[in-house]
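# Close look at the chain arrangement
If you want the building blocks of each chain, they are given just below.
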Amino acid sequence: MPTEPRRLIVDRQIVEDAWTHVADDAPLPAGPAIVSRERWLAGDAAGHAPLGVLYQPDEDPLADVDRLGELALIAFAFPAFSDGRPLSRARKLRQIVGFTGQIRAVGDVLRDQILYMWRCGFDAFEVRADKSLEDALAAFAEFSVDYQASTPRRLSEG
Amino acid sequence: MYRYNALDQRIVDERVGQFRDQVRRRLSGELSEDEFRPLRLMNGLYYQRHAYMLRVAIPYGVLSTAQVRMLAHIARTFDRGYGHFTTRQNIQYNWPELEAVPDILACLAQVQMHAIQTSGNCVRNISADHLAGVARDEAVDPRPYCEIMRQWSTFHPEFSYLPRKFKLAFTGATTDRAAIKLHDIGYRALRSPEGEVGFQVWVGGGMGRTPVVGELLHPFLPERDLLSFTESILRVYNELGDRKDKYKARIKILVRRLGVAEFRRLVDEDHAATRTPELVLTPERVAAMAAHFAPPAFDPEAPAHDALVDEKASEDAAFRAWLGHNVAPHKVPGYHAVIVSLKAPDVPPGDVTDAQLEALADIADDHAFGEVRSLHTQNLLLASVASRDLYAVWQRLRLVKLATPNVDTLTDQICCPGFDFCSLANAASIPVAQEIAEAFDDLDHLYDLGEIKLKISGCINACGHHHVGHIGILGIDKRGADFYQVMLGGAEGDDASLGRILGPAFAREAVVPAIGRILAAYVDLRADGERFLDTVRRLGLQPFKERAYAH
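Quick look at the structure, then. (Residues numbered from 1 in each chain as written. Chains lettered and ligands numbered in written order. Predicted model: local features only at pLDDT ≥ 70, side-chain atom pairs only at ≥ 80, totals over all residues. Heavy atoms only, no water.)

### Describing the overall build of chain B
On a plain count of helices and strands, chain B comes out with 18 helices and 21 strands. Since a compact globule built from 551 residues should have a radius of gyration of about 24 Å, the 23 Å found for chain B is in line with a globular shape. With the C-alpha coordinates aligned to their principal axes, the bounding extent of chain B is approximately 60 × 60 × 55 Å. Pairs at least 24 residues apart make up 67% of the contacts formed inside chain B by residues separated by at least 6 positions. Put simply, chain B shows about 20000 Å² of open surface, and 53% of that area lies on carbon and sulfur atoms. Here chain B carries 63 positive and 72 negative side-chain charges, and the mean point of each set is 5 Å from the other. (Helix = DSSP H or I, 4+ residues; strand = E, 2+ residues; numbered from the N terminus. Rg over C-alpha atoms; globule rule 2.2 N^0.38 Å. Contact = heavy atoms within 4.5 Å. Areas by Shrake-Rupley, 256 points an atom, 1.4 Å probe, with all protein chains shown as cover. Lys, Arg positive; Asp, Glu negative; His and termini not counted. Charge placed at Lys NZ, Arg CZ, Asp CG, Glu CD.)

This is the structure we're talking about:
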């Protein structure tokens, strides 16, 4: 049975996902693929394009800064929405590294945090499967003003 | 004081709308309690032993009389007619209904107040020297920086899900009245010999289960880097702080684990990479903010002494006692700061009724430029009262039982809500405070004992700051019974130190007699004019221990 393509929020729009999460023991499919950092660093996805990597909260992409040019997408796992580490990681990716690819939130991704994620440089949100995407979109309209500058999603726009 | 502009107002108004919707989603079951908890906590709403508790922010402890009247209105309309001032200069309501909380927030927004970040693992309400702007020993008024930091920290997208709560404190004075070495970050604004403003930055202090006196991170952080450097501290903490064990999650544990030198290196490295132009604090921005805190219209002719006040002081011992204990010097000749004691003998420390708040607002409008402040000692303050008005102010405060002349004495106790309200507490604290207040109600005896800071916590989370009490009392649970550890020798100012436990814990009924024996030992042992704390520091615990347990 063909499964329905995953829907997610990208650039404040609900879209069908062009990317596939690939488990460490599964073969790489054709097309956009997201693998673990471990698999990527092991060279197991060399030459695949476009390639994305999923970082766990205790993994810092800045440790891999020389190779980040290989990636079109960087995803961060939120094992719990209350784990704020990826917020700082994303900000540094945009600001220090100048990463312009997609930064994606994966895991315990909920309406009440995604505006903060967006403002730290995330632009894609795999909202938790049991929650409504339409409802989550409303988060972007909850506040119309901020005290802090937001991290530009793409530096070219900044 | 600071007045909201349109942007500030819009943010609190939108926050009310957001929280109203979150409450709606919780009541409809759309949000589970697990999902709702961090949202309500980010807004100061706890679930306590009997009911919800709402903590309202009082940024750096400054209130207008319109705000004080609104706090009274909320106490009367949505609570049981009283509120409780906390050690973070905030006010708590103990009995609101969940359904009413959005309406309470809407009331607060009408007077430029909110409950944002009074709880949760985020930057909390910023506290400050209660004498800011009026202290004689002040080099720099810290309030403009406090407000800049309040705005910067409000809904900060990167630092709203930290490993644990995060507390900032500011002073700009020589004497530290804000306990800056006992905060996650403490700042002391000072001036270089060239007159430039900078900050001494202390990091990693705190109380709780692992009390630590902070480390000096920066001796003179230039004013322009206040925000960017603070962001770097928070970023290093956000990424490296412990998230597995909540008791090891505060920044003090990280600083201790890395050592302050390595922590400083990481902060400096981040700062060099992330210090963006919009984070640089310009002199123009500081000046614009400082204009909000311009001094009120002091009367240049105000006499330092007033014949009526002097006459009343000489003939009325009660007024004289109040002048001696509840009135502090002011930098402007002819003015004083008046500490409004919330430590009347029969009232839990820090509690105040709606009627008292309204009376105080009237007094502040008539005699104190329409401003009231909250202190971390759970008292209130009229920062600028003309010396000639002191007798009238005293009479009016006395009518509403706000003139107990016990500031900085044994009965000016700090006390957490304890087991009577708090779901974390192991033991009662307010009843112990009340027993102490009753047992030591003789003012002459209190005055003879001099300055003693007694602080009581009902559990090791130390909301009552027992570690830094000259006398600290910690409630513990021993097989279902309340017992109390007594510690001596703590202090929170420039000579901050942590108290040491005297010996085995006392049963509830043994606490007051033990305190009595400790104080009797002090009276016997003190050198001429020596404070209790200094006697303890000079002699150590042993002589007090011998007396306390000898019965």
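From this point, the narrative continues.
### Focus on the sheet that holds strand S3 (residues 62-64) of chain B
Residues and elements named next belong to chain B. Taken in spatial order, the five strands line up as S3-S14-S15-S12-S11 in an open sheet, and their pairing is antiparallel. Each having just a single partner strand, S3 and strand S11 (327-329) make up the two edges of the open sheet. Averaged over all pairs of adjacent strands, the angle between strand axes in this sheet comes to 35°, irrespective of strand direction. The pairing of strand S12 (residues 335-340) with strand S15 (residues 380-386) spans five bridges and is antiparallel. The partner of Ile 339 across the bridge, within S15, is Leu 381. (Pairing = 2+ DSSP bridges. Axes fitted to C-alpha atoms, helices over the stretch in contact; angles between N-to-C directions.)

### Considerations on the packing of helix H5 (residues 143-153) of chain B against helix H6 (residues 226-240) of chain B
Residue and element names in this part refer to chain B. Orientation of H5 relative to H6, taken along the N-to-C sense of each, is 50°, at an axis distance of 11 Å. By the angle between their axes, H5 is oblique relative to H6. The crossing of H5 and H6 is right-handed. For the pair H5 and H6, contact is made by Tyr 145, Ile 148, Met 149 and Trp 152 and by Leu 226, Leu 227, Thr 230, Glu 231 and Leu 234, respectively. (Parallel < 35°, antiparallel > 145°, perpendicular 65-115°, else oblique. Left-handed = near helix turned anticlockwise from the far one by under 90°.)

### Focus: H5(B)
All names here are of chain B. When you tally the buried positions in H5, you get 11 out of 11 residues, the bulk of the element. Of all the positions in H5, only Arg 143, Pro 144, Tyr 145, Cys 146, Glu 147, Ile 148, Met 149, Arg 150, Gln 151, Trp 152 and Ser 153 are classed as buried. Note on H5: the residue one or two positions beyond its end, Phe 155, has a positive phi of about 55°. (Buried < 20%, exposed > 50% of the residue type's maximum accessible area, 1.4 Å probe, protein only.)

### Some remarks on the interface of chain A and chain B
Taken together, the contact between chain A and chain B spans 31 residues of the former and 39 residues of the latter. Carbon and sulfur atoms make up 53% of the area that chain A and chain B hide from each other, which totals about 3100 Å². When the buried surface of chain A facing chain B is broken down by residue, Tyr116(A), Phe143(A) and Tyr147(A) rank first, second and third, together holding 24% of it. Here chain A and chain B share nine salt bridges between them. (Buried area = accessible area lost by both parts, 1.4 Å probe. Salt bridge = Lys/Arg side-chain N within 4 Å of Asp/Glu carboxyl O.)

### Structural notes on the sheet that holds strand S8 (residues 185-191) of chain B
Residues and elements named next belong to chain B. Pairing is mixed in the open sheet, where five strands are placed in the order S6-S7-S8-S9-S10. At either end of the open sheet lies a strand with only one pairing partner, and these are strand S6 (127-128) and strand S10 (215-222). Here S8 runs beside strand S9 (residues 197-203); their pairing, made up of seven bridges, is antiparallel. The residue of S9 that forms the bridge with Leu 190 is Gly 198. Each of S9 and S10 touches helix H8 (residues 260-274); the most contacted strand, S10, lies at about 35° to it.

### Section: the environment of His21(A)
All names here are of chain A. Following the sequence through the fold, His 21 ends up in strand S3 (residues 20-21). A residue is classified by how much of its surface remains accessible, and His 21, at 29% relative accessible area, is partly exposed. Taking the C-alpha atoms as reference points, His 21 and Gly 52, separated by 31 residues in sequence, lie 8.8 Å from one another. Setting aside residues no more than four positions away along its own chain, His 21 makes contact with Arg 6, Ile 34, Arg 104, Val 106 and Glu 126. Engagement of the side chain of His 21 in a polar contact is seen with the side chain of Glu 126, the distance being 2.6 Å. (Polar contact = N/O pair within 3.5 Å; in protein donor to acceptor, adjacent residues only side chain to side chain.)

Spatial relationships are all this shows, so hold off on functional conclusions.
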